[in-house]
Amino acid sequence: MFKALLARARQGYRTASYPAYDPSFPVLFRGRPVLDPGKCVSGCTRCVEVCPTGALQVSASGPALDLGRCIFCGECAAACPADAISFTQDWRLAASERAGLIVTGDREVDVDTLGRELRRLLGRSLRLRQISAGGCNGCEAEVNALGNVVFDSSRFGIEFVASPRHADGVLVTGPVTANMKEAALRTYQAVAEPKLVIAAGACAISGGLFRGHPEVCNGIEDLLAVDLYVPGCPPHPYTILDGLLRLLGRC
């Protein structure tokens, strides 16, 4: 017991100071992509050809990147001969509208705050039931990290509960496999109205790498109305936390 207390004293205060201060990330962290249509070489489609999820499209007006499909592999930026695509370290990727995930320039992604009445009902807390709908456990691990001493989402009143009957909404990860479709829908139905749906990760938003496979539903969007999209493969805990706080009007 004494050793545990001594180790805790040596570690000091470990909880991140976010949102009072912006977090720092490693040099190799890939955040919000920026596109520069003016640099695009006419007729070049190298970025489209190397994208494993079909997240990129090129038209007469230039390239467009769908964050809902992007797995942030960076292959597009590496293949572009004109450096028209680059990745910033901006972790703020969540959006409340699917169309808001389409990047065509350097515009930041935005989240619309919930209505006043719903925020009044939620008060200062948000309870979520996490649904792992066939994911690889990458997104699930990042969601779990929200509860550790560093991110400590509970200090904002955001917690994950064991039963959907205790929840204000569901947070879905994974492409929603055929075997998990009914379970996901039943879990959602067990949550009392009004309720939220949050899609975390490329798989939950669009199917990700598994999109088009006959055994997946290409994410949760075709099954339920989504209130918050959190891109990434997997999304960083800060990205998830930022999206939730902005949705609640707390950030």
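Everything below is about the structure printed above this text.
Quick look at the structure, then. Keep in mind that what you see is a predicted model, and the values were worked out from it rather than measured.

## Concerning the overall build of the protein chain
Assigned secondary structure in the protein chain consists of 8 helices and 10 strands. By the compact-globule yardstick of 18 Å for 251 residues, the protein chain fits well, its C-alpha radius of gyration being 19 Å. In the protein chain, which comprises 251 residues, the proportion classed as buried is 47%. Within the protein chain, residue pairs in contact and separated by at least 24 positions form 76% of the contacts whose partners lie at least 6 positions apart.

## So, the sheet that holds strand β2 (residues 56-59)
As a general point, the strands of a sheet are linked pairwise by backbone hydrogen bonds and lie either parallel or antiparallel. Sheet architecture is open: 3 strands sit in the order β2-β3-β5, paired in antiparallel fashion. Of all the strands in the sheet, just β2 and β5 (102-103) have a single pairing partner and so form its edges.

## With respect to the pattern of salt bridges
Opposite charge on two side chains allows them to pair when their charged atoms are near. This structure, assessed with the given rule, holds 10 salt bridges. In this structure, K195 and E193 form a salt bridge, with 3.9 Å as the shortest nitrogen-oxygen distance. A salt bridge links D242 to R246, with the shortest nitrogen-to-oxygen separation between them at 2.9 Å. One end of the pair is D242 and the other is R246, both in helix α8 (residues 237-247) and 4 residues apart, which spans about a single turn. Here D242 matches R246 in class, with each residue buried. Here the salt bridges do not stand alone but share partners, grouping R32, D90 and R92 into one network.

## A few points about the side chain of D242
Using a relative accessible area of 2% as the deciding quantity, one classes D242 as buried. Looking at D242, its side chain comes within polar contact range of the side chain of R246, at 2.9 Å. If we ignore the near neighbours within four places in the chain, the residues touching D242 are Y18, W91, R92 and C251.

## What to know about the sheet that holds strand β10 (residues 228-230)
One open sheet holds the 5 strands; their spatial order is β7-β6-β8-β9-β10, and the pairing between them is parallel. At either end of the open sheet lies a strand with only one pairing partner, and these are β7 (158-160) and β10. Between one strand and the next, the sheet's axes are offset by a mean angle of 25 degrees, whatever the strand orientation.

## A few points about the nonpolar core
Formed by 36 residues in total, the largest nonpolar core has its most connected members in L65, L67, L101, V170, V172, A199 and I220. Looking at this core, the elements that each hand over two or more residues are β4 (85-87), β8 (169-173), α6 (178-189), β9 (196-200) and α7 (202-206). Apart from residues no more than four positions distant in its own chain, V170 is found in contact with L128, R129, I131, T187, Y188, V191, L196, V197 and I198. Residues W91, I158, L171 and A200 belong to the second largest nonpolar core, which totals 31 residues.

## Some thoughts on the packing of aromatic side chains
Overall, the coordinates contain 7 aromatic pairs when judged by the stated rule. Judged by centre distance (6.3 Å) and plane angle (80 degrees), the ring pair of Y18 and W91 falls under edge-to-face. Taken together, the residues span a long stretch of sequence, with Y18 in the loop between α1 (2-11) and β1 (33-35) and W91 in the loop between β4 and β5 at a distance of 73 residues. Given a relative accessible area of 5%, W91 falls into the buried group. Arranged with centres 5.0 Å apart and planes meeting at 80 degrees, the rings of F151 and Y238 form a pair that is edge-to-face. Residue F151 is located in the loop between α5 (138-145) and β7, and its partner Y238 is located in helix α8; the two are separated by 87 residues in the primary sequence. Connected via pairs of aromatic rings, a cluster forms that spans Y18, F25, F29, W91, F151 and Y238. Of note, R92 hangs over the ring of W91, and the distance from its end group to the ring centre comes to 4.7 Å. The ring of Y188 is capped by K195, whose NZ or CZ atom sits 4.0 Å from the centre of that ring.

## A short note on the pairing of β8
Moving residue by residue along a regular strand, the side chains alternate between the two faces of the sheet. Judged by how many residues are buried, β8 sits mostly within the fold: 5 of 5 residues are covered. Where strand β6 (residues 126-132) and β8 come together, 5 bridges link them in parallel fashion. Bridge pairing links R129 to V170 in β8. Note that β8 and β9 share 4 bridges and pair parallel. When the bridges of β9 are listed, V170 appears paired with V197.

About the thresholds
- Residues numbered from 1 in each chain as written.
- Predicted model: local features only at pLDDT ≥ 70, side-chain atom pairs only at ≥ 80, totals over all residues.
- Heavy atoms only, no water.
- Helix = DSSP H or I, 4+ residues; strand = E, 2+ residues; numbered from the N terminus.
- Rg over C-alpha atoms; globule rule 2.2 N^0.38 Å.
- Buried < 20%, exposed > 50% of the residue type's maximum accessible area, 1.4 Å probe, protein only.
- Contact = heavy atoms within 4.5 Å.
- Pairing = 2+ DSSP bridges.
- Salt bridge = Lys/Arg side-chain N within 4 Å of Asp/Glu carboxyl O.
- Polar contact = N/O pair within 3.5 Å; in protein donor to acceptor, adjacent residues only side chain to side chain.
- Axes fitted to C-alpha atoms, helices over the stretch in contact; angles between N-to-C directions.
- Core = buried A, V, L, I, M, F, W, Y, C linked by side-chain atoms within 4.5 Å.
- Phe/Tyr/Trp six-rings, centres within 6.5 Å; stacked < 30°, edge-to-face > 60°.
- Lys NZ or Arg CZ within 6 Å of the ring centre and 35° of its normal.

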